[in-house]
4 protein chains.
Amino acid sequence: MIIILKQNAKLESIKNLKATMIARGLTIHESIGDFTGIIGLIGDTSKIDMATVASMECVSDVKRVSEPYKAANRKFNPLDTIVNVAGRKVGEGFFSVMAGPCSVESEEQIIEVATRAKAAGATILRGGAYKPRSSPYAFQGLKGDGIELLLKAKAATGLPIVTEITSIANIDLYSDVDIIQVGARNMQNFDLLYELGHSDKTILLKRGLSSTIEEWLMSVEYILSGGNNNVILCERGIRTYENATRNTLDISAVPIIKRLTHLPIIIEPSHATGKTWLVEPLAKAAIAAGADGLMIEVHNNPSCALCDGAQSITPDDFDKIMVEVKRRVQFEGKILS
Amino acid sequence: MIIILKQNAKLESIKNLKATMIARGLTIHESIGDFTGIIGLIGDTSKIDMATVASMECVSDVKRVSEPYKAANRKFNPLDTIVNVAGRKVGEGFFSVMAGPCSVESEEQIIEVATRAKAAGATILRGGAYKPRSSPYAFQGLKGDGIELLLKAKAATGLPIVTEITSIANIDLYSDVDIIQVGARNMQNFDLLYELGHSDKTILLKRGLSSTIEEWLMSVEYILSGGNNNVILCERGIRTYENATRNTLDISAVPIIKRLTHLPIIIEPSHATGKTWLVEPLAKAAIAAGADGLMIEVHNNPSCALCDGAQSITPDDFDKIMVEVKRRVQFEGKILS
Amino acid sequence: MIIILKQNAKLESIKNLKATMIARGLTIHESIGDFTGIIGLIGDTSKIDMATVASMECVSDVKRVSEPYKAANRKFNPLDTIVNVAGRKVGEGFFSVMAGPCSVESEEQIIEVATRAKAAGATILRGGAYKPRSSPYAFQGLKGDGIELLLKAKAATGLPIVTEITSIANIDLYSDVDIIQVGARNMQNFDLLYELGHSDKTILLKRGLSSTIEEWLMSVEYILSGGNNNVILCERGIRTYENATRNTLDISAVPIIKRLTHLPIIIEPSHATGKTWLVEPLAKAAIAAGADGLMIEVHNNPSCALCDGAQSITPDDFDKIMVEVKRRVQFEGKILS
Amino acid sequence: MIIILKQNAKLESIKNLKATMIARGLTIHESIGDFTGIIGLIGDTSKIDMATVASMECVSDVKRVSEPYKAANRKFNPLDTIVNVAGRKVGEGFFSVMAGPCSVESEEQIIEVATRAKAAGATILRGGAYKPRSSPYAFQGLKGDGIELLLKAKAATGLPIVTEITSIANIDLYSDVDIIQVGARNMQNFDLLYELGHSDKTILLKRGLSSTIEEWLMSVEYILSGGNNNVILCERGIRTYENATRNTLDISAVPIIKRLTHLPIIIEPSHATGKTWLVEPLAKAAIAAGADGLMIEVHNNPSCALCDGAQSITPDDFDKIMVEVKRRVQFEGKILS
């Protein structure tokens with residue numbers, strides 16, 4: 001951490017600042033010039049609050065040199081983490097395709113979709129049971145019953161399942177769920193992250209609607225620092241001024257996450273754009289950029305369901321997309337798993 | 001709601017769409033031209049999911065005509081809501097100043113700040129007990145003990161208190177809290193909003209980091225639709241590309257909220273910008289724009305506290321700001337309450 | 001400027017870096033720790049390209065300590081600049097109201113609007129002659145004829161005029177124009193800025209649609225560094241994700257510009273939001289925040305003109321707004337000029 | 001175009017609105033319900049200004065149904081445009097790689113880079129002569145001499161050249177330039193676009209820093225409507241709140257542009273992110289997403305040049321990237337041209 005002093009900083013104030021930092025176990029490197037005074041802090045600065053330091057009387061600005069996340073940091077954990085999901089691997093050379101409806105609606109629906117998805121090559125079944133909706137008047141999912149139906153589809157097809165949690169109060173219902181998803185709106189629900197960090201479940205952490213990559217990794221850190229290392233990241237588009245798509249898929253997040261962390265990252269092209277015809281080209285781009293998997297919405301009747309659907313593709317479309325996905329996963333030298 | 005049909009839409013598909021909408025109790029107005037077909041839906045469309053309609057085969061685009069929020073909508077509730085906070089009024093001609101430290105740190109600190117804030121003219125005491133922090137390694141607040149200390153300060157000064165909730169699991173600790181704050185990161189924690197909507201507490205709902213005004217009002221709707229009408233909104237800056245300030249204060253939100261809803265809105269200039277020298281000019285702008293109050297961070301020793309502080313002002317600075325605030329509240333013909 | 005070295009930086013590479021900087025007349029302060037090496041550069045770093053330094057082999061990151069603008073910087077020019085516009089002052093305690101139509105349409109129109117605007121208290125007449133339009137099919141203004149009409153209105157009312165330039169090729173037409181406006185889309189048209197910096201005209205420089213304050217000040221620097229110190233800044237809203245308003249008025253820009261520079265800044269509430277009912281509350285907020293003036297669109301028949309108009313108010317509305325503006329300018333201890 | 005009327009709209013005002021639209025040759029479809037009145041306009045609405053209509057007394061909102069661009073619109077020009085650049089094809093199945101330094105610095109430099117780029121497989125040489133720089137104190141390029149040096153490199157290698165124009169005043173210097181680039185900051189310099197639309201040069205139009213896709217296509221329309229159909233689009237990253245990269249590459253722009261228009265689109269991964277290690281993964285993603293080409297900065301000594309460089313890769317790195325590019329262009333069934 002580097003502290004840039006004000007030009008007219010008082011000596012006593014600088015002295016106080018240095019004493020505070022030394023008391024926190026940090027070593028100080030000073031560089032005072034005619035126009036600029038700089039104090040470099042060496043040591044573990046992850047617990048120093050930048051905003052507080054910035055507010056100190058003698059301080060003009062504060063800049064971090066090292067990342068504020070440790071457990072997620074590739075510098076300290078250079079090897080790729082491969083997450084094990086009910087025997088299927090996610091990460092490094094193993095590519096995962098999570099497919100299924102936005103919302104579980106009925107036993108018939110989820111089993112049909114699961115069966116079709118598996119036949120096409122999907123490796124994990126997704127489906128929404130608890131649905132966070134921006135309107136209190138919109139369908140909120142089948143909740144516990146939805147999880148039951150997902151488990152039936154799992155029994156019928158052998159596919160592991162991933163479904164979203166919206167409150168830690170329901171955690172017991174997820175005991176047989178293979179991956180617990182934390183949605184974009186809960187990415188900074190720190191109470192929830194803390195509890196999941198103290199569980200042994202695999203967590204799929206979606207990026208917040210307008211979270212920076214650093215904020216996202218700090219949320220990962222909440223889980224890892226609790227002792228749970230089974231985390232998969234999911235980029236699903238960020239909020240920008242552009243309105244041609246619902247969100248803007250930040251494809252750069254894939255190589256950046258691979259460089260900064262040791263964790264797998266998947267892409268969700270469905271939510272990113274809200275347009276079914278963009279799913280295929282963005283899935284191709286994601287594979288080429290180095291993603292470890294895809295999450296794709298598949299619905300057996302996207303045009304009739306009156307909750308969700310705009311970004312769902314049909315099982316027939318999914319079949320075609322998966323032909324391309326398989327060809328390209330192979331081209332990248334990876335294994336569908 | 002207006003549905004714009006595809007140019008090559010099949011008649012059967014259009015027929016299905018119309019039947020679905022009629023089945024939902026809506027009346028249909030058709031306007032089919034050579035180049036464009038339009039279907040207008042008349043009736044209560046608040047439960048129709050736009051994304052689903054947009055996904056239907058024959059549909060090119062869907063546009064809302066009426067707002068998706070009802071209980072918050074001034075159209076249906078033209079009179080200003082005045083929220084009563086332990087005998088103090090917020091809204092319409094009553095102006096509220098909520099002041100206090102970002103975090104409660106000790107009994108001595110909170111009572112000193114509360115006493116100074118009250119003397120300067122503050123009408124409500126704010127203070128953080130449960131602190132959502134982006135880093136798991138940062139100070140997370142004194143939690144339950146912090147609420148106890150706020151209650152002591154309330155007893156000592158008579159000021160009502162406002163403090164943030166981060167999990168519904170702790171709701172019992174807030175029984176004597178006058179206003180429960182929902183922070184920006186929890187603005188779309190719908191489980192939390194639902195529960196607060198079924199309580200009788202006054203809720204201060206901050207705008208999410210990058211929430212649209214409509215999303216914000218839908219979150220308000222979660223609370224109001226549960227039967228709780230005691231809601232105060234708080235604009236605290238939105239996320240933009242600009243990096244001269246931490247966030248960009250959206251001053252237009254004040255007149256927009258006053259026009260769209262019947263609820264009071266206050267401004268928090270401290271968090272909006274992260275710079276103490278901007279608190280005064282932005283507080284002045286907020287009063288002039290028609291805000292019903294201010295939330296200002298005041299700390300008795302901002303430069304030494306090692307959690308938070310960059311945006312806190314000292315009690316002496318607060319005294320000066322309040323001289324200006326009082327003059328201007330009076331100029332606007334409002335009453336400090 | 002502070003250079004943060006890579007942990008594994010080669011000594012030779014560091015040596016080269018230092019030699020390069022010394023050759024550019026800079027003094028070097030080194031601080032090499034076990035985990036972090038920092039090089040501080042003291043001297044005039046305004047000509048050092050940060051991106052290039054960042055690309056050097058041994059460099060991890062580069063951070064500026066001092067602002068890259070000089071002539072606009074209040075540090076080096078502490079006194080407020082008061083711009084003289086045909087005898088009227090803009091800046092410090094002098095408040096300016098520039099009013100008029102988005103587009104000049106006819107002699108009758110511009111003289112009527114000018115007369116009404118002057119009567120209401122406007123101090124400068126605005127009007128568009130060259131109109132940059134996003135569509136090639138939209139009305140592009142009366143061009144040279146429009147400037148002629150503005151000059152007639154100036155002769156008739158005595159109000160100085162401000163109008164936009166879109167190409168340096170037309171500069172001769174602006175010889176009797178009192179203030180040349182550079183629009184948001186041309187804020188980084190550096191060829192145009194350079195030429196205007198070598199003229200003696202007063203320039204009104206609008207902020208770009210998504211320009212940072214620093215970029216805006218660098219564009220100011222293009223003008224000032226050419227020797228032309230007659231610059232007024234105009235904040236007119238920035239592009240964000242919010243769609244309740246056309247742009248988001250960045251009210252913080254007012255106190256920030258006042259702190260960073262010595263130049264006057266005015267606010268344009270009309271373009272910022274695209275809604276006439278927001279003009280009055282935002283004008284009030286601008287005055288309270290410390291702005292040196294307002295630019296307001298006034299049209300004698302906003303509902304019929306088929307180019308522009310959504311954000312125009314009528315002369316009658318302007319009369320009412322000006323009553324408020326005058327009261328508030330006086331309240332701030334400023335003089336309408 | 002759909003006009004949504006205010007609930008309390010006066011009949012006379014509606015009558016005026018309809019008369020105005022009929023006078024403009026449009027056909028009107030009305031749909032007046034109890035709560036909502038809608039007027040659909042059928043015909044060529046591209047010259048109707050939405051903002052003006054929105055400002056009319058009886059109007060609540062206006063929404064476009066059809067795109068405001070014609071010449072660029074795939075609906076009216078379904079076949080892919082293949083742009084011919086000195087015998088090399090760009091578009092449809094032909095993939096272009098434009099490589100070279102950000103700035104031309106010397107004859108030796110540009111010829112070496114051109115030779116290396118060609119050997120690696122580049123098909124067009126890029127190089128900056130007129131450089132728009134945000135600081136007036138930064139190196140602004142070799143200008144006319146830079147173009148001369150590019151022409152020497154073209155003579156030496158046979159590669160067509162692309163270089164940026166910043167002012168129409170210099171157009172004569174570009175007579176032997178194969179592609180004239182319009183940079184992001186000039187995307188809405190309509191005077192420049194107009195002139196280029198009346199030339200016969202091939203234009204590479206970069207997307208503005210925070211332009212919507214629709215605004216970008218309206219700028220394309222300025223060129224096409226002048227009679228010049230030789231336009232290539234270039235996505236180079238948009239401005240968002242994310243600061244891990246300089247800009248956020250909007251990969252979705254590729255399939256969207258291919259769907260909305262008939263024009264070729266290339267991707268510039270260098271400027272998009274400002275990080276050399278992101279060039280390769282983003283180039284791969286661009287090819288997979290369907291881009292018609294790449295623009296890549298290559299510099300023979302990126303670490304020493306004191307203007308630009310952070311995003312430049314070395315010729316050796318470029319060799320490696322091109323091995324991947326060639327493999328992938330072939331995989332997509334396209335031809336490097």
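Note that the coordinates shown come from a computational prediction; the quantities given were computed from them, not determined experimentally.

Novice: What is the right way to read the overall build of chain A from this model?
Specialist: For chain A, the helix and strand inventory stands at ten helices and 15 strands. For chain A, the C-alpha atoms occupy an extent of roughly 75 × 45 × 40 Å along the three principal directions. A total accessible area of about 11500 Å² is found for chain A, and carbon and sulfur atoms account for 48% of it.

Novice: Would you explain the sheet that holds strand β2 (residues 27–32) of chain D in this entry?
Specialist: To summarise the sheet geometry, strands pair through backbone hydrogen bonds and adopt either a parallel or an antiparallel arrangement. Residues and elements named next belong to chain D. Taken in spatial order, the four strands of this open sheet run β2-β3-β1-β4, and their pairing is antiparallel. Strands with a single pairing partner mark the edges of an open sheet, and in this sheet they are β2 and β4 (59–63). Going from strand to strand, the sheet's axes swing by 20 degrees on average, the running direction of each strand aside. With four bridges joining them, strand β1 (residues 2–5) and β4 adopt antiparallel strand pairing. Note that in β4 the partner of Ile-3 across the bridge is Val-62.

Novice: Would you mind showing me how to read the relation of the copies chain D and chain A here?
Specialist: There are two copies of the chain, and a rotation about an axis plus a shift along that axis relates them. Superposition of chain D onto chain A requires a rotation of 180 degrees combined with a translation of 0.0 Å along the rotation axis, giving an RMSD of 0.1 Å. Such a combination of rotation and displacement between the chain copies is what one expects of a two-fold axis. Taking C-alpha positions as reference, the residue of chain D nearest the rotation axis is Ala-285 of chain D, located at 2.1 Å. A share of 97% of interface residues in chain D that are also interface residues in chain A marks the association as one of identical surfaces.

Novice: Please explain the interface of chain D and chain A as it appears in this structure.
Specialist: As a measure of interface size, the accessible area lost when the parts come together is often cited. Each side of the interface is counted separately: chain D has 35 residues, and chain A has 34 residues. For the pair chain D and chain A, the summed buried surface comes to about 2900 Å²; carbon and sulfur atoms form 67% of the total. Between the two partners, chain D and chain A, sit four salt bridges. Here Glu-242 of chain A makes a salt bridge to Arg-207 of chain D, at a shortest N to O gap of 2.6 Å. On the surface where chain D and chain A come into contact, there are ten residue pairs in polar contact (both at pLDDT 80 or more). The set of elements that each furnish at least two residues to the side of chain D that touches chain A consists of α7 (253–260), α9 (279–289) and α10 (315–331) of chain D. It is α9 of chain D that provides the largest number of residues to the side of chain D that touches chain A, a total of six residues. Considering only residue class, the side of chain D that touches chain A consists of 17 nonpolar, nine polar and nine charged.

Novice: I'm lost on the relation of the copies chain A and chain B in this one. Help?
Specialist: Overlaying chain A on chain B yields an RMSD of 0.1 Å, the required transformation being a rotation through 180 degrees with an accompanying axial translation of 0.0 Å. The share of interface residues of chain A whose copies in chain B are also at the interface is 100%, consistent with both copies meeting through the same surface.

Novice: What's the story with the interface of chain A and chain B in this structure? I'm lost.
Specialist: Of the residues lining the interface, 45 residues belong to chain A; the matching set on chain B comes to 45 residues. At the junction of chain A and chain B, the tally comes to two salt bridges. Glu-215 of chain B is the partner of Arg-239 of chain A in a salt bridge, and the nearest nitrogen-oxygen pair spans 2.6 Å. On the surface where chain A and chain B come into contact, there are 17 residue pairs in polar contact (both at pLDDT 80 or more).

Novice: Can you help me understand the pattern of salt bridges in this one?
Specialist: Opposite charge on two side chains permits them to pair, given that their charged atoms come into close proximity. All chains considered together, the criterion is met by 72 salt bridges over all chains. When the shortest N-O distance is used, the salt bridge between Arg-328 of chain A and Glu-332 of chain D registers 2.6 Å. One end of the pair, Arg-328 of chain A, is in helix α10 (residues 315–331); the other, Glu-332 of chain D, is in the loop between α10 and β15 (335–336), on a second chain. The salt bridge partner of Asp-316 of chain D is Arg-116 of chain D, with a shortest N-O separation of 2.7 Å. Remark: Arg-116 of chain D occurs in helix α3 (residues 107–120) and Asp-316 of chain D occurs in helix α10; sequence separation between them is 200 residues. Overall, Arg-116 of chain D belongs to the partly exposed group, its relative accessible area being 28%. Beyond isolated ion pairs, a larger network of salt bridges with shared partners links Arg-126, Lys-206, Glu-268 and Glu-297 of chain A.

Novice: Would you explain the pairing of strand β7 (residues 94–100) of chain A in this entry?
Specialist: For a regular strand, the rule is simple: side chains alternate between the two faces of the sheet. Residues and elements named next belong to chain A. β7 sits mainly inside the fold: seven of its seven residues count as buried. Across the two faces of β7 the burial is the same, with Phe-94, Ser-96, Met-98 and Gly-100 and Phe-95, Val-97 and Ala-99 all buried. Direction of pairing for β7 relative to strand β15 (residues 335–336): parallel, over a ladder of two bridges. Paired with Phe-94 across the two strands is Ile-335, which belongs to β15. Here five bridges tie β7 to strand β14 (residues 293–297), and the two strands are oriented parallel to one another. Looking at β14, one finds that Gly-100 is bridged to Glu-297. Here two bridges tie β7 to strand β8 (residues 124–126), and the two strands are oriented parallel to one another. Following the sheet pairing, Ala-99 is matched in β8 by Leu-125.

Novice: How do you make sense of the nonpolar core when you look at a structure like this?
Specialist: Within soluble globular proteins, side chains that are nonpolar tend to cluster in buried spots. Ile-251 and Phe-318 of chain B together with Ile-251 and Phe-318 of chain C are the most contacted members of the largest nonpolar core, which has 144 residues in total. What Phe-318 of chain C contacts, discounting residues up to four positions off in sequence, is Val-97, Ala-99, Ala-117, Ala-120, Ala-122, Ile-296, Val-298 and Ile-313 of chain C. Core analysis: the next-biggest nonpolar cluster, separate from the first, contains 143 residues, Ile-203 and Ala-289 of chain A together with Leu-149 and Leu-193 of chain D among them.

Novice: Explain the domain arrangement of chain A to me, please; I cannot follow it from the model alone.
Specialist: By domain assignment, chain A separates into domain 1 (2–63) and domain 2 (83–336). Computed from C-alpha atoms alone, the centre-to-centre distance between domain 1 of chain A and domain 2 of chain A is 43 Å.

Novice: Got a minute to help me understand the packing of helix α9 (residues 279–289) of chain A against α10 of chain A in this structure?
Specialist: Angle between the axes and distance between the axes: these two values describe a pair of packed helices. All names here are of chain A. Packing of α9 against α10 brings their axes to within 10 Å, and their N-to-C directions diverge by 10 degrees. As far as their axial angle goes, α10 and α9 are roughly parallel. In this structure, α9 crosses over α10, and the sense of that crossing is right-handed. Across the interface between the two elements, Val-279, Glu-280, Lys-284 and Ile-287 from α9 touch Ile-321, Glu-324, Val-325, Arg-328 and Val-329 from α10.

Novice: Even after reading the chapter, I still don't get helix α9 (residues 279–289) of chain B, so can you show me in this structure?
Specialist: Since there are 3.6 residues in each turn of an α-helix, residues three or four apart along the chain are aligned in direction. All names here are of chain B. With ten of eleven residues buried, α9 is to be regarded as a mostly interior element. When we look at burial in α9, the residues that qualify are Val-279, Pro-281, Leu-282, Ala-283, Lys-284, Ala-285, Ala-286, Ile-287, Ala-288 and Ala-289. Within two residues after α9, Gly-290 carries a phi angle of roughly 105 degrees, on the positive side.

Novice: Which parts of the structure should I look at to understand unusual backbone geometry?
Specialist: Leave glycine aside and you will find that most residues have negative phi; peptide bonds, for their part, are mostly trans. Not every positive phi belongs to a glycine, and Lys-143 of chain A is a case in point at roughly 55 degrees. You can see Lys-143 of chain A is positioned in the loop between β8 and α4 (144–157). A positive phi angle, close to 50 degrees, is found at Glu-92 of chain C, a residue other than glycine. Here Glu-92 of chain C shows up in the loop between β6 (88–90) and β7 (94–100). Since its relative accessible area comes to 42%, Glu-92 of chain C is described here as partly exposed.

Novice: Got a minute to help me understand the packing of aromatic side chains in this structure?
Specialist: Geometrically, a pair of aromatic rings is defined through the distance of the ring centres and the angle of the planes. What the rule picks out here adds up to ten aromatic pairs over all chains. Ring plane angle 20 degrees and centroid distance 4.8 Å describe the contact between Phe-190 of chain D and Tyr-222 of chain D, whose orientation is recorded as stacked. Of this pair, Phe-190 of chain D sits in helix α5 (residues 190–197) while Tyr-222 of chain D sits in helix α6 (residues 213–224); the two residues are 32 residues apart in sequence, bridging distant segments of the chain. Geometry around Trp-277 of chain A places Arg-259 of chain D over its ring, the cationic atom sitting 4.0 Å from the centre. In this arrangement the basic side chain of Arg-327 of chain D is found over the ring face of Phe-331 of chain A, its NZ or CZ atom lying 4.1 Å from the centre.

Novice: Which parts of the structure should I look at to understand the side chain of Asn-186 of chain D?
Specialist: By the secondary structure assignment, Asn-186 of chain D is in the loop between β10 (179–182) and α5. Taking the relative accessible area as the measure of exposure, Asn-186 of chain D reaches 3% and is therefore buried. Sequence-distant contacts of Asn-186 of chain D, that is, excluding residues within four places in its chain, are made with Asn-189 of chain C together with Ile-165, Thr-166 and Leu-192 of chain D.

Novice: Help me understand the environment of Leu-142 of chain B in this model?
Specialist: Residue and element names in this part refer to chain B. In this fold, Leu-142 is placed in the loop between β8 (124–126) and α4 (144–157). The spatial distance from the C-alpha of Leu-142 to the C-alpha of Asn-170 is 13 Å, given a sequence separation of 28 residues. Once residues within four sequence positions are removed from consideration, Leu-142 is found in contact with Val-104, Glu-105, Ser-106, Ala-129 and Leu-149.

Novice: Looking at this model, I keep getting lost on helix α1 (residues 11–23) of chain A. Mind explaining?
Specialist: Residue and element names in this part refer to chain A. Taking 1.5 Å of rise per residue, the 13 residues of α1 would be expected to cover 18 Å, and the 18 Å separating its terminal C-alpha atoms lies within 8% of that figure. By the burial criterion, the buried members of α1 are Ser-13, Ile-14, Leu-17 and Met-21. Considered in projection along α1, the buried side chains sweep an arc of 100 degrees and stay on one side of the axis. When the buried face of α1 is taken as reference, the exposed residues oriented beyond 90 degrees from it are Leu-11, Glu-12, Lys-15, Ile-22 and Ala-23.

Novice: Just checking my understanding: could you explain the environment of Ala-156 of chain B for this structure?
Specialist: Mapping Ala-156 of chain B onto the fold places it in helix α4. The spatial distance from the C-alpha of Ala-156 of chain B to the C-alpha of Lys-10 of chain B is 72 Å, given a sequence separation of 146 residues.

Cut-offs and rules
Residues numbered from 1 in each chain as written. Chains lettered and ligands numbered in written order. Predicted model: local features only at pLDDT ≥ 70, side-chain atom pairs only at ≥ 80, totals over all residues. Heavy atoms only, no water. Helix = DSSP H or I, 4+ residues; strand = E, 2+ residues; numbered from the N terminus. Areas by Shrake-Rupley, 256 points an atom, 1.4 Å probe, with all protein chains shown as cover. Pairing = 2+ DSSP bridges. Axes fitted to C-alpha atoms, helices over the stretch in contact; angles between N-to-C directions. Least-squares fit on C-alpha atoms with pLDDT ≥ 70 in both. Contact = heavy atoms within 4.5 Å. Buried area = accessible area lost by both parts, 1.4 Å probe. Salt bridge = Lys/Arg side-chain N within 4 Å of Asp/Glu carboxyl O. Polar contact = N/O pair within 3.5 Å; in protein donor to acceptor, adjacent residues only side chain to side chain. Nonpolar A, V, L, I, M, F, W, Y, C, P; charged D, E, K, R; others polar. Buried < 20%, exposed > 50% of the residue type's maximum accessible area, 1.4 Å probe, protein only. Core = buried A, V, L, I, M, F, W, Y, C linked by side-chain atoms within 4.5 Å. Domains from an automatic or database assignment. Parallel < 35°, antiparallel > 145°, perpendicular 65-115°, else oblique. Left-handed = near helix turned anticlockwise from the far one by under 90°. Phe/Tyr/Trp six-rings, centres within 6.5 Å; stacked < 30°, edge-to-face > 60°. Lys NZ or Arg CZ within 6 Å of the ring centre and 35° of its normal. Expected span 1.5 Å × (residues − 1). Arc of directions from axis to C-beta.

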